[in-house]
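What follows is each chain in one-letter form.
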Amino acid sequence: MASYVLSRSLQTVLTLFVMSILVFTGLYLVGNPVDVLLSTTATPAERLEVIQALGLDKPVWEQYWLFLVKALSGDLGNSFVFNQPALTLILSRMPATLELAFVALAMALVIGVPLGVYAGIRPKGLISKSIMTFSILGFSLPTFWIGLVMILLFSVQLGWLPASGRGETTDLFGVPVSFLTWDGLSHLILPAINLALFKISLVIRLTRTGVIECMQLDFVRFARAKGLPETRIVLVHVLKNTLIPLITVVGLELGSLIAFAVVTETIFAWPGMGKLIIDAIGRLDRPVILAYLMITVVMFSLINLLVDILYSIADPRVRLEGKPQ
Amino acid sequence: MSTDIQTDNSVHNRTTGNKPAARSPFRETIFALLHDKLALTGLIIIAILLLAAVLAPMIAPQNPYDLTQLDIMDNRLPPGSRSMTGAVYLIGTDDQGRDLFSAILYGLRTSVIVGISSAAIALVIGASIGLISAYAGGRTDSFLMRIVDIQLSFPAILIALIFLAIFGQGIDKIILALVVTQWAYYARTIRGSALVERRRAYVDAARSMALPDRRIVFRHILPNCLPPLTVVATMRVAYAIMLEATLSFLGIGLPVTEPSLGLLISNGFEYLLSGDYWISFFPGLALLLLIIGINLIGDALRDILNPRREG
């Protein structure tokens, strides 16, 4: 176990290292930050000064080294627009995004797993067929467009739910959250459903496939032979075996929810990191772009690492893979 | 030899004991698609949309990007309105006074071009890497697959975001960004099936004839890996189109001079709250039809081309 965790951690560090090189090369070398910072009327002397101030006259590897040292100490530069440290800015927006992503993930599981189990037990039934049709629709509906339709229907036409913002927030362990007040909750519902829709379809399909495969295995036949009630077979034996592969998916999907929150946040003006990065790209606010990319990459790598470790606990075959029996 | 070794995906050959070798696997597949109700619906939708996209300059009532044909007085007219000159705007106009129907036809063009070309490039790159990985095996294989794993652990939209934040907007850049996000799926798929094919007798036979490796990989193994690749490619085209629309909607994909469906939807977004729903709604409907059509075909293809399917 320890050696597995160690080798996976090393791999994560390596991934982060490679990603930091890619992002650094991309943002610092492909685009020229000097052109962005200077006005077109700048004299060559001013130009030289900026180049020296940014350390652009140093060799590339040294620039990268400086960038890395600063990044590790938490200094990713100041936002051009907000004139605050980019890192602080991103971190202050992070709770909103995480709240949205977690609520969406919970929705996907609470709605997706039961529907998937049902569709798996009676694959030929009419309700199962409708569930599967819904899931195809969920895959095909472009998230941003369905978001607009939701606003149109529930905010503009019916006037039931607000279309933008986060509403009233309360502090939970020092972190502002929306779901504890009615106002906050009413702001949260539409964006969370919007973000969850795709994942609900995914969870339905995965659970259904898992259940169908599981139902054909010997242990189910054995449980039936023992005379166990069908509900117990499905809810205990089959579900347990179906949920293991779901761990990986759920972990990876949490990451993807955080990334796709960019879209939902833009539509519903949800004040999270996704909204921030889109605005930053629009305004060429390099330090914020850089900070967002580095933070999400770190976050993703950690989630992936955690999922792999959890998975190896749940299914020992993974960490024993390749070892002599 | 191609018909003999591809019996896996030709259902009829298998059931009739391989007698009539007249139908090629390709024609078998088309035949099966036409006999599946959902797939046929998908094919009809796609055929109409593709035709509309190709013929857009001919069937569109106006060229929505020729400024001389636009009348700003006609802006944001609801569906069915008449223009100053008496023409009917079937589904209304946008904020520039553009006929939305024409704009959608032109937008479809852009979306389809971006989707198909990015999928094609990603397929060629991904398939080559996957084949090399499977055929070479050993360290090359584990190195290449590690890269694929790492890449697939990051969501496509994040990778596209990084790419576009670095290189900026443009139709060439978005195609590249989509290629970067998609190649790994093809590589993994084809590696999986190539690993199986590599152990087949016909590969040994080809080797014993001392055929060069390149010929074995591309002329013998590749054609046998096509069925699963076709399924993945279909689904990926749909995904590429959706991702492009999403990125353009966010304002980081295509520039305003290359109006895709995503951009049209984005244009209408600001008027949505004031009730002018049609500017966003109809381009979205076109996008939805396009994606559903492709997915229906993809779903059916997966069933048809799956060698394990029942019956």
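Residues numbered from 1 in each chain as written. Chains lettered and ligands numbered in written order. Predicted model: local features only at pLDDT ≥ 70, side-chain atom pairs only at ≥ 80, totals over all residues. Heavy atoms only, no water.

Further remarks concern the overall build of chain A. Along its length, chain A carries 13 helices and 2 strands. Per-residue burial over chain A gives 47% buried out of 325 residues. Looking at chain A alone, contacts between residues at least 24 apart form 72% of all its contacts between residues at least 6 apart. If you sum the accessible surface of chain A, you get close to 16300 Å²; carbon and sulfur atoms cover 69% of it. (Helix = DSSP H or I, 4+ residues; strand = E, 2+ residues; numbered from the N terminus. Buried < 20%, exposed > 50% of the residue type's maximum accessible area, 1.4 Å probe, protein only. Contact = heavy atoms within 4.5 Å. Areas by Shrake-Rupley, 256 points an atom, 1.4 Å probe, with all protein chains shown as cover.)

What follows concerns the UniProt feature "transmembrane region" (unreviewed entry) in chain A. This chain's UniProt record puts "transmembrane region" (unreviewed entry) on residues 12–31, 100–121, 133–159, 179–198, 242–269 and 289–311 of chain A. Its end C-alpha atoms 32 Å apart, residues 289–311 of chain A is made of 100% helix and 0% strand. (UniProt positions renumbered as here; feature names shortened; annotations may be inferred.)

Let us look at the packing of helix H6 (residues 100–136) of chain B against helix H9 (residues 171–198) of chain B. All names here are of chain B. The interhelical angle for the contact between H6 and H9, taken along N-to-C directions, is 40 degrees, at an axis separation of 5 Å. When the axes of H6 and H9 are compared, the pair comes out oblique. H6 and H9 meet at a crossing whose hand is right-handed. Along the lines of polarity and charge, the residues of the contact of H6 with H9 split into 22 nonpolar, 7 polar and 2 charged. (Axes fitted to C-alpha atoms, helices over the stretch in contact; angles between N-to-C directions. Parallel < 35°, antiparallel > 145°, perpendicular 65-115°, else oblique. Left-handed = near helix turned anticlockwise from the far one by under 90°. Nonpolar A, V, L, I, M, F, W, Y, C, P; charged D, E, K, R; others polar.)

Each partner contributes residues to the interface: chain B has 37 residues there, and chain A has 42 residues. Buried area between chain B and chain A, both sides added, is near 3500 Å², and the carbon and sulfur share of it is 83%. If you sort the residues of chain B by the area they bury against chain A, Phe154, Ile166 and Leu250 of chain B come out on top, with a joint share of 15%. Taken together, the connections running from chain B to chain A amount to 1 salt bridge. Between Arg205 of chain A and Asp299 of chain B there is a salt bridge, with the nearest N and O atoms lying 3.7 Å from each other. Here chain B and chain A share 3 residue pairs in polar contact (both at pLDDT 80 or more) between them. Per-element accounting of the side of chain B that touches chain A gives the leading share, 11 residues, to helix H13 (residues 278–305) of chain B. (Buried area = accessible area lost by both parts, 1.4 Å probe. Salt bridge = Lys/Arg side-chain N within 4 Å of Asp/Glu carboxyl O. Polar contact = N/O pair within 3.5 Å; in protein donor to acceptor, adjacent residues only side chain to side chain.)

For the rest of this paragraph, the subject is unusual backbone geometry. The bulk of non-glycine residues show a negative phi, and the bulk of peptide bonds are trans. Backbone geometry at Ala269 of chain A places phi at a positive 50 degrees, although glycine is not the residue there. Here Ala269 of chain A lies in the loop between helix H10 (230–268) and helix H11 (273–283). The partly exposed category is assigned to Ala269 of chain A, whose relative accessible area is 31%. Within the chain, Ala210 of chain B stands out as a residue other than glycine whose phi angle is a positive 60 degrees. Note on placement: Ala210 of chain B falls in the loop between helix H10 (201–208) and helix H11 (213–249).

Further remarks concern the confidence of the model for chain B. Residue and element names in this part refer to chain B. The predicted model of chain B averages 79 in pLDDT, with 81% of residues at 70 or higher. Low pLDDT, under 50, characterises residues 1–20; the stretch is placed with 24 contacts to residues that sit more than four places away or in other chains. Reported for the predicted complex are a pTM of 0.80 and an ipTM of 0.76. (pLDDT = per-residue confidence, 0-100.)

Here we come to the layout of surface pockets. A water-sized probe, rolled over the atoms, reveals where empty space remains. Residue and element names in this part refer to chain B. If you add up the space inside the second largest pocket, you get close to 730 Å³. Ranked by residue count, the leading element in the lining of the second largest pocket is H11, at 8 residues. Of the residues belonging to the lining of the second largest pocket, the class tally is 24 nonpolar, 5 polar and no charged. (1 Å grid on protein atoms, 1.4 Å probe; cavity = no way out; pocket = protein on both sides within 12 Å on 5 of 7 lines; lining within 4 Å. Points joined across faces, edges and corners; volume = space filled by probe spheres on them.)

This next bit is on a nonpolar patch on the surface. All names here are of chain B. On the surface, a nonpolar cluster with roughly 570 Å² of combined accessible area is contributed by Phe26, Ile30, Leu34, Leu40, Ile44 and Ile48. Those elements giving two or more residues to the nonpolar patch turn out to be helix H3 (25–34) and helix H4 (37–54). Following the sequence through the fold, Leu40 ends up in helix H4. According to the relative accessible area criterion, Leu40 is partly exposed, its value standing at 32%. (Patch = residues over 30% accessible without salt bridge, like charges linked within 9 Å, V, L, I, M, F, W, Y side chains within 5 Å.)

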